[in-house]
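Examination of the molecular architecture
One letter stands for each residue in the lines below.
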Amino acid sequence: HWGAEPGVYFWSGRPTEYRFVYNYPLFHGPRRDEFLGDLLAQLSCDPPEVVVVNVAMIGRGDPVSLFLESHYVADFQPIPMDFFEIWSLREKASEC
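Since we're looking at a predicted model, the values are computed, not measured. (Residues numbered from 1 in each chain as written. Predicted model: local features only at pLDDT ≥ 70, side-chain atom pairs only at ≥ 80, totals over all residues. Heavy atoms only, no water.)

1. Things to note about the side chain of Glu85
For clarity, the threshold we go by: Strands here are runs of E lasting at least two residues and helices are runs of H or I lasting at least four, both read from the DSSP assignment and numbered beginning at the N terminus. To sort residues, take the accessible area from a 1.4 Å probe on protein chains only and compare it with the maximum for the residue type: under 20% means buried, over 50% means exposed, and anything in between is partly exposed. Charge convention: Lys and Arg are scored as positive, Asp and Glu as negative, and His as well as the terminal groups of each chain are ignored. A pair is scored as a salt bridge if a Lys or Arg side-chain nitrogen falls within 4 Å of a carboxyl oxygen belonging to Asp or Glu. Pairs of N or O atoms within 3.5 Å make up the polar contacts considered here, provided that, within protein, one atom can donate a hydrogen while the other can accept it, and that residues adjacent in sequence are counted only when both atoms are side-chain atoms.
Relative to the helices and strands, Glu85 is located in strand β3 (residues 84-89). Of the buried charged residues, Glu85 lacks a salt bridge, with Arg90 as the closest side chain of opposite charge at 11 Å. Within the local environment of Glu85, its side chain forms a polar contact with the side chain of Trp87, the two groups lying 2.9 Å apart.

Following this line, the structure appears as structure tokens:
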């Protein structure tokens, strides 16, 4: 997911495969650049096929939003949950 965590990991009882599930440390703070670099490297090497996007968090011009916008396409918006969209990977190609 990208944006405010919708509780998917809590409710499913399953761990995430990614280091970052809470995105606020990626916006500011003393380790911001380190965390961003780590996340972008992980996304480039092993991109998820589907991303749940909080629409309020996309298009901010931050590096993760730019990565998502260039590699994914929004293809489903659950109703009445219009604040989340489901984005699919355009094509699987590792950048490692």
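2. Re the side chain of Asp62
Looking at the element boundaries, Asp62 is found in the loop between β1 (50-54) and α3 (63-71). Of the residues examined, Asp62 reaches a relative accessible area of 9% and is grouped as buried. Side-chain polar atoms of Asp62 contact the backbone nitrogen of Val64, separated by 3.2 Å.

3. Looking at α3
So the rule is basically this: Each direction from the helix axis to a C-beta atom contributes to the arc, which is the arc of those directions. We call two residues contacting when some pair of their heavy atoms lies within 4.5 Å.
Listed as buried for α3 are Val64, Ser65, Phe67 and Leu68. One side of α3 holds all its buried residues, which, seen down the axis, span an arc of 160 degrees. If you follow the buried residues of α3, they end up packed against α2 (32-45), β1, β2 (72-76) and β3.

4. As for the sheet that holds β2
To keep things clear, this is the line we draw: Between any two strands, pairing holds if DSSP finds at least two bridges. For helices, the fitted axis covers only the stretch in contact; all axes are lines through C-alpha atoms, and the angles between them, taken along N-to-C directions, range from 0 to 180 degrees.
Here we have three strands laid out as an open sheet, ordered β1-β3-β2, and antiparallel in their pairing. Strands at the two margins of the open sheet, each flanked by one partner only, are β1 and β2. Each strand of the sheet is rotated relative to its neighbour by a mean of 40 degrees, with strand direction disregarded. The sheet contact formed by β2 and β3 spans four bridges and is antiparallel. The residue bridging Phe76 from the neighbouring strand is Ile86, located in β3.

Function cannot be read off these values alone, since they describe shape.
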